[in-house]
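Coordinates in review
Single-letter residue listing:
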Amino acid sequence: MKKSIEEINQKISEGCARVVTSDEMPNIVKELGLELATKEIDVVTTGTFGAMCSSGAFLNFGHSDPPIKMQRVFLNDVEAFTGIAAVDAYIGATQQARGPTLDYGGGHVIEDLIGKKKIELRAESYGTDCYPLKSLETEITIDDLNQAIMVNPRNGYQKYNAATNSSDRVLYTYMGPLFPNFENISYSGSGLLSPLSNDPEYRTIGIGTRIFLAGAKGYVIGEGTQHDPENGFGTLMVRGNLKEMNTNFIRAAKIYKYGISLYIGLGIPIPILDEEMAKATAIEDKDVVTNIVDYGIQRRDKPILRRVTYEELKSGFVDLNGKEVKTFPMSSYLKAKEVAETLKREILKGSFKLSLPVESLPKSGKIKPMYQKKVNPMVKDLMSRRVVFIEEDTSIEEAAKVLVRNGIDHMPVVSEAGRLTGIITSWDIAKSVAKGSFYKKVKDAMSKNVICIGPDDFVDVAARRLEQYNISAMPVINPNREVLGMISSSDLSKLVRG
Amino acid sequence: MKMKIQIPANLVRKPIVSDIVLKTKVLINLEKVNIETNKADMIVDVKDEWEDVKKAFEERGIKVDLLKEPIKRRLDRCVMCGICSMICPVDVFKISEDWEVKMDSSRCIICKNCIDLCPTESLTIDY
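Residues numbered from 1 in each chain as written. Chains lettered and ligands numbered in written order. Predicted model: local features only at pLDDT ≥ 70, side-chain atom pairs only at ≥ 80, totals over all residues.

Looking at an unreviewed UniProt entry, chain B carries the name 4Fe-4S dicluster domain-containing protein, with the source organism given as Methanoliparum thermophilum.

As recorded in an unreviewed UniProt entry, chain A goes by CBS domain-containing protein and comes from Methanoliparum thermophilum.

This is the structure we're talking about:
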């Protein structure tokens, strides 16, 4: 049983095509079998609604009088990328408004444009004979623009790694707040509704495939950046007319202590050309497998803790090292379903025709890491290895003498087994002296909650941690909590001195 | 009924809640208490006869706000992701079977943890 795209489009024109959403397909195939399902079903619609940072729009403002060659462009104080023709600019979703807050950014500008709100436009230039104007201030809406075209370099991830956190601190990431000691897991993606997961061989999704992009008709224009087909993490580059989009399918996102992003509703119709496509679109959440990775390791290659299915992630709990860990979604399944349903309705109405790719997406290739000429130094390269320890039961007086004798301000406190139990600083001792004889021993005056770092962490992570906790030094420990050294802000300043 | 109680400086050191419980014989559940030297704020929950408790606080010169809908959600902005359901300590938000994020405002104790974490800025607390 084979159907051509022309036959399917003919049925759509005649209003007799059978269209279902991809979450309905597993049961249909189970009930009818592949052969009959292929005959019965013409199109399966998919959908996803997630925060897609790699998004933005090309805008053409038209020429001012006198003309200006816009060198720098600000939309509601959010800088757009220029460096192309005089009045073209690209507004990126994650660009933040100037100023200290993380409250407004490119995602908001895009949402406000689609919502037909007024946007303050400012531009600066150096002036040329053909473009004499040097600065410009005006107010525009999307209707004033010649073109407003969304071009997203990377959307529609086939699936996405789920995130958890092994460290002892809360991490605020683009995957949401990750609580310490593996207390939660966040995930993104719509599982069985995910467009690329329903066509993993890229037979119908490729360059030229017509798609639903935030309420408008759009197109796949190629593989997305970081397209990683050999690992099952394919991505799409897409375009769509911003002027036809609908704010119901787009929403600016402010991710706490991370920054701005943009929720986008993207749906792709999949023609059931043969049994192979019926089989592909019958996938279930249990067939879509991703990894749980540890964001507690602040490195590029984060350890994979286990493989996990979207069925497990969507159940609300996942077993991790024998512990039931709560999961939470960053993307919206309800909105993904709304995308697939809306696309289904448009096809049934006859207002959305399918197209086959004019060129396939690459099926081979893997994502490469960055080539770095210089290796970033690690904590072990800069830490002081000569560490003066003290034990818990030592008197405060003795501790003060040790600090003075060694000319230091911080001392890790260790147990008899040599494990870190606290830290005592000259300030802790001063405090205990000020309070009289209240504290007699080191264990009474020390801080028990010690901020630490590992030897294989980058010094950049160490510098960020010292700054975050407003401290000047911290112990470097191994997983057994044995102290290997100390790293201080003065150790880090060696980098600047060279 | 949840209420926000604002105790002025001159009454901070008085055993007001105990006094009201003894006099009204109504149980008061303290959900959030913040006592400073010159003022105290409390969120309390009273199941039955909350009018009596409200009156008793007010007779002592204490300001009482009824928290009928302490947290509000803009449904035109909410995308039903469900991050709020993970952060809320008292289960105001629940993801339903069909992936709708349901909100039971009456459970809210105004910790405000969800406010900053909502990516689409859909949640507001006026108190």
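**Focus on the overall build of chain A**
A tally of helices and strands in chain A yields twelve helices and 29 strands. C-alpha extents for chain A along the principal axes are approximately 90 × 70 × 40 Å. Classification of the 498 residues of chain A by burial places 41% in the buried group. Considering only contacts within chain A whose residues lie at least 6 apart along the sequence, 67% involve residues at least 24 apart. (Helix = DSSP H or I, 4+ residues; strand = E, 2+ residues; numbered from the N terminus. Buried ≥ 20, exposed ≤ 12 C-beta atoms within 10 Å, placed from the backbone. Contact = placed C-beta atoms within 7 Å.)

**Thoughts on the overall build of chain B**
Along the backbone of chain B there are four helices and eight strands. Sequence-ordered secondary structure for chain B, helices as α and strands as β, is β-α-β-β-α-β-β-α-β-β-α-β. Once the C-alpha set of chain B is aligned to its principal axes, its extents read approximately 45 × 30 × 20 Å. For chain B, with 127 residues in total, the buried portion stands at 31%. Restricting to contacts in chain B with at least 6 residues of sequence separation, those with at least 24 account for 61%.

**With respect to the sheet that holds strand 5 (residues 72–75) of chain A**
All names here are of chain A. As summarised here, the arrangement of the four strands in space is 6-5-8-9, forming an open sheet in which the pairing is antiparallel. Each edge of the open sheet is held by one strand with a lone partner, namely strand 6 (78–80) and strand 9 (135–140). The mean angle between the axes of side-by-side strands here comes to 25°, regardless of whether they run parallel or antiparallel. Bridge count between strand 5 and strand 6: three bridges; the pairing is antiparallel. Each residue of the ladder has a partner; that of phenylalanine 74, found in strand 6, is glutamate 79. (Pairing = 2+ DSSP bridges. Axes fitted to C-alpha atoms, helices over the stretch in contact; angles between N-to-C directions.)

**Concerning the domain arrangement of chain B**
All names here are of chain B. Taken domain by domain, chain B consists of domain 1 (2–66) and domain 2 (71–125). Taken over C-alpha atoms, the centre of domain 1 sits 27 Å from the centre of domain 2. Each partner contributes to the interface: domain 1 provides four residues, whereas domain 2 provides four residues. Here the residues of the side of domain 1 that touches domain 2 are counted per class, giving one nonpolar, no polar and three charged. (Domains from an automatic or database assignment. Nonpolar A, V, L, I, M, F, W, Y, C, P; charged D, E, K, R; others polar.)

**With respect to the interface of chain A and chain B**
At the junction of the two partners, chain A supplies 21 residues and chain B supplies 16 residues. If you list the elements that add at least two residues to the side of chain A that touches chain B, you get strand 3 (48–51), strand 13 (176–178), strand 18 (250–255), strand 24 (323–329) and helix 6 (333–349) of chain A. Classifying every residue of the side of chain A that touches chain B gives twelve nonpolar, four polar and five charged.

**So, the confidence of the model for chain B**
Detailed reading of the predicted model is not advised wherever pLDDT is low. Per-residue confidence for chain B averages 92 on the pLDDT scale, and 100% of its residues sit at or above 70. Under the prediction, the complex receives an ipTM of 0.82, its pTM being 0.87. (pLDDT = per-residue confidence, 0-100.)

**Regarding unusual backbone geometry**
All names here are of chain A. Note that the residue after aspartate 65, namely proline 66, is joined by a cis bond; omega there is -5°. With respect to the helices and strands, the residue proline 66 is situated in the loop between strand 4 (56–60) and strand 5. One non-glycine residue, lysine 116, lies in the positive phi region at around 60°. Within the secondary structure, lysine 116 is located in the loop between helix 3 (106–114) and strand 8 (119–124).

**A look at the pairing of strand 10 (residues 147–155) of chain A**
Looking at chain direction, strand 4 of chain A and strand 10 of chain A are connected through four bridges and run antiparallel. Bridge pairing in strand 10 of chain A places A:Asn60 opposite A:Gln147.

**What about the domain arrangement of chain A?**
The domain architecture assigned to chain A consists of domain 1 (5–50 + 173–349), domain 2 (62–145) and domain 3 (379–497). Its C-alpha centre places domain 1 of chain A at a distance of 49 Å from the equivalent point of domain 3 of chain A.

**Points about the pairing of strand 18 of chain A**
Residue and element names in this part refer to chain A. With six of six residues buried, strand 18 is to be regarded as a mostly interior element. Relative to strand 19 (residues 259–267), strand 18 runs antiparallel, the two being bridged by six bridges. Looking at the pairing, isoleucine 250 lines up with isoleucine 264 of strand 19. Between strand 18 and the antiparallel strand that follows it, strand 19, lie three residues; lysine 257 among them carries a positive phi value of about 60°.

**With respect to the nonpolar core**
Membership of the largest hydrophobic core comes to 120 residues, with the highest contact counts inside it found for A:Leu262 and B:Cys84. With seven residues, helix 6 of chain A is the largest single contributor of residues to this core. (Core = buried A, V, L, I, M, F, W, Y, C linked by C-beta atoms within 7 Å.)

**Some words on the packing of helix 1 (residues 16–24) of chain B against helix 2 (residues 50–59) of chain B**
Residue and element names in this part refer to chain B. Remark: helix 1 packs on helix 2, axes separated minimally by 10 Å, with the N-to-C direction vectors making an angle of 130°. In terms of orientation, helix 1 lies oblique with respect to helix 2. The two elements helix 1 and helix 2 meet at a crossing, and its hand is right-handed. Residues Ile20, Lys23 and Thr24 of helix 1 touch helix 2, and the partners they reach there are Asp52, Val53, Ala56 and Phe57. Looking at the contact of helix 1 with helix 2, its residues break down into four nonpolar, one polar and two charged. (Parallel < 35°, antiparallel > 145°, perpendicular 65-115°, else oblique. Left-handed = near helix turned anticlockwise from the far one by under 90°.)

**Looking at the environment of A:Ala86**
All names here are of chain A. With respect to the secondary-structure elements, alanine 86 resides in the loop between strand 6 and strand 7 (88–92). The sequence separation of alanine 86 and isoleucine 68 amounts to 18 residues, and the corresponding C-alpha distance is 6.8 Å. Excluding residues that lie within four positions of it along the chain, alanine 86 makes contacts with Pro67, Lys69, Met70 and Tyr131.

**Observations regarding the environment of A:Arg239**
Position of A:Arg239 among the secondary structure elements: in strand 17 (residues 236–241). Taking the C-alpha atoms as reference points, A:Arg239 and A:Arg306, 67 residues apart in sequence, are found 35 Å from one another.

**Some remarks on the sheet that holds strand 1 (residues 19–21) of chain A**
Residues and elements named next belong to chain A. The sheet built from three strands is open, its strands ordered 1-2-20 with mixed pairing. The open sheet has two edge strands, strand 1 and strand 20 (269–271), and neither has a second partner. Direction aside, neighbouring strands of the sheet carry axes that sit 25° apart on average. As paired strands, strand 1 and strand 2 (residues 43–45) are joined by three bridges and run parallel to one another. Across the sheet, the residue bridging to threonine 21 is threonine 45, located in strand 2. Together, strand 1, strand 2 and strand 20 form the strand contacts of helix 6, whose direction differs from that of strand 1 by roughly 175°.

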